[in-house]
Amino acid sequence: MVRKSKYKWLKSFLSKQLPWLSSFFILVLSFVFIPVYNVKATLVLIPIFFWGMKKVKCFDFIFVMLFGFIQDFLDGTQFGFNMFIFLSIYFVVFYQKFFPLDESFSFSYLAFCISTLVLILLKYFVISSMFIENINFFNILLSWAVLILCYPIFYWPLNQIYERVVSKYNA
Amino acid sequence: MGAILNKLSTSKAVKIQMIKKLVRKIFVIMFIVFSFILIFIGKPDNVILNRTSGVVADVMSPFVKVISYPIYLVGSFIVDVKNFRDVDARNHELRTEISKLKEQLNYFKQIEVENQELRKLNNFKTNAVNYLLSTRVLGSSGSGFTHSFLVDAGAKEGVKKYQGVLVDGYLVGQINSVGTNYSRMILISDANSKIPVQIERTKTRAFLIGDNTDYPQVVHFENQEPVQIGDVVVTSGMGGNLPAGIPVGIIGSISEDNGIIIQPFVHKSNIDYIKVIKTSHTDGIKNFLIETNISE
């Protein structure tokens, strides 16, 4: 009986911590250097979109801001850019009421592709027009392509975490 | 009466919930606006931002180190298996190289003594010596907007901002921000990179600027001396951050539309173990580290 309650406490604890922990893990993973693999993508957009779409309360916008802050400093891009992009995507996904994004994978995938493309293009146009003139557009598109290819790979484990732990104890 | 009280308390709770949601929404909007303003006021050369960048690198790098460890192990294993096939030949090659290097070392020691004596005779004061710090790359930038790496060495090891980074004696980048134990370097192909260079053949000075492609451009030539495809581009030493004569790449193409594009000697996918150039203004060459092959 005691063991069962302990287990329940652990699950309840994990249900609150796993959304940000999984996002942090993916953030760190996107910085891991693989010598043969050249194109990099902002992978942390995937969990931000996912947890925002599931409207998980314990994944607060403070975490999104913190991830943007870390990404800004480690990337070396203009400070505030990633914070702005991450918060914008979180805001759009969390507060929109027109599309039932979490009903089917294909619908959420399409929404992810469109929203990230819009935000990455916005980032490209602002950076190239105001800060660095000579950014290669093809590289940016390639980076976005890698990001959308990675979405299904990360969607599955995140969805498992949501269904098995987070949704049960954090409704 | 009880039912009415219950209803009232429920509606109060709903109201509080709604206010909480509204406040949260306002906060998110406020932070979005704040981060948008930050983009325009946060200057890249700001001292506080640079220091914070070093601190973030210090905090994040151990996590990157832990997660990249299995990948590093797998990579090392593959390299070990590859090397195992020609271990005998490699052993012989290394032994020959060691004996050659020993001869060279003796020769350079003699030259060093001679050099010091000549310097004394001429009262020559500038004694900048370049030491190399060997380390490895931990992680790379997480987006297509920058070409940067996290480096497994920081201020503790004597790493400073703007120090050059070499792979096999070729320049690949510069240190951009420094933490206590870790630092961040930008590659010569990064859009923020500007390195004073010169064409080795004509000694024409120019700047090498990155554009986030694999092939940076040479711009702002000092004079109009013609350059040719295949000309070697080396550092000019202007500005004092990098020593002169470090090879960077060769001129790969010249065109009116794209300008003068160089082909770096080291591709970014081959950057794993690196050497940071630490310039030290001390007399003579210290025994523990002798740099002899920078421009070879």
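Residues numbered from 1 in each chain as written. Chains lettered and ligands numbered in written order. Predicted model: local features only at pLDDT ≥ 70, side-chain atom pairs only at ≥ 80, totals over all residues. Heavy atoms only, no water.

Student: Where do I start with the sheet that holds strand S6 (residues 194-199) of chain B in this structure?
Tutor: For sheets, the rule is that strands pair by backbone hydrogen bonds, running either parallel or antiparallel. One closed barrel holds the 6 strands; their spatial order is S6-S7-S8-S11-S10-S9 (chain B), and the pairing between them is antiparallel. For this sheet, the mean inter-axis angle between neighbouring strands, taken without regard to orientation, is 45 degrees. (Pairing = 2+ DSSP bridges. Helix = DSSP H or I, 4+ residues; strand = E, 2+ residues; numbered from the N terminus. Axes fitted to C-alpha atoms, helices over the stretch in contact; angles between N-to-C directions.)

Student: Looking at this structure, I do not really get the state of the cysteines. What am I missing?
Tutor: As used here, a disulfide is simply a covalent bond connecting the sulfur atoms of two cysteines. Applying the stated criterion to the full structure yields 0 disulfides over all chains. Distance from the sulfur of A:Cys113, which forms no disulfide, to the nearest cysteine sulfur (A:Cys150) is 12 Å. (Disulfide = S-S within 2.5 Å.)

Student: Before we go on, may I ask you to explain the packing of helix H3 (residues 61-75) of chain A against helix H2 (residues 47-85) of chain B in this structure?
Tutor: Here H3(A) crosses H2(B) at 105 degrees, and the two axes come no closer than 9 Å. In terms of orientation, H3(A) lies roughly perpendicular with respect to H2(B). Residue-level contacts link A:Phe69, A:Ile70, A:Phe73 and A:Leu74 of H3(A) to B:Leu49, B:Thr52, B:Ser53, B:Val56, B:Ala57 and B:Met60 of H2(B). Each residue belonging to the contact of H3(A) with H2(B) can be placed in one class, and the counts come to 8 nonpolar, 2 polar and no charged. (Parallel < 35°, antiparallel > 145°, perpendicular 65-115°, else oblique. Contact = heavy atoms within 4.5 Å. Nonpolar A, V, L, I, M, F, W, Y, C, P; charged D, E, K, R; others polar.)

Student: I tried to follow a nonpolar patch on the surface on my own but got confused; where do I start?
Tutor: Together, B:Ile19, B:Leu22, B:Val23, B:Ile26, B:Phe27 and B:Met30 line one region of the surface with nonpolar side chains, adding up to about 560 Å² of accessible area. Residue placement: B:Met30 occurs in helix H1 (residues 2-41). (Patch = residues over 30% accessible without salt bridge, like charges linked within 9 Å, V, L, I, M, F, W, Y side chains within 5 Å. Areas by Shrake-Rupley, 256 points an atom, 1.4 Å probe, with all protein chains shown as cover. Salt bridge = Lys/Arg side-chain N within 4 Å of Asp/Glu carboxyl O.)

Student: Would you explain the interface of chain A and chain B in this entry?
Tutor: Bring the parts together and some accessible area is lost; that lost area is often taken as the interface size. On the chain B side, the residues contacting the 53 residues of chain A number 53 residues. In this structure, the connection of chain A to chain B is made through 1 salt bridge. Salt-bridge contacts for A:Asp60 lead to B:Arg24; the nearest nitrogen and oxygen are separated by 2.8 Å. At the surface where chain A touches chain B, the tally comes to 4 residue pairs in polar contact (both at pLDDT 80 or more). When residues of the side of chain A that touches chain B are traced back to their parent elements, those giving at least two are helix H1 (2-29), H3, helix H4 (81-95), helix H5 (105-130) and helix H6 (137-169) of chain A. In terms of residues, the side of chain A that touches chain B owes the most to one element, H4(A), which gives 9 residues. When grouped by side-chain class, the residues that make up the side of chain A that touches chain B number 36 nonpolar, 13 polar and 4 charged. (Polar contact = N/O pair within 3.5 Å; in protein donor to acceptor, adjacent residues only side chain to side chain.)

Worth remembering: the numbers are spatial, not functional.
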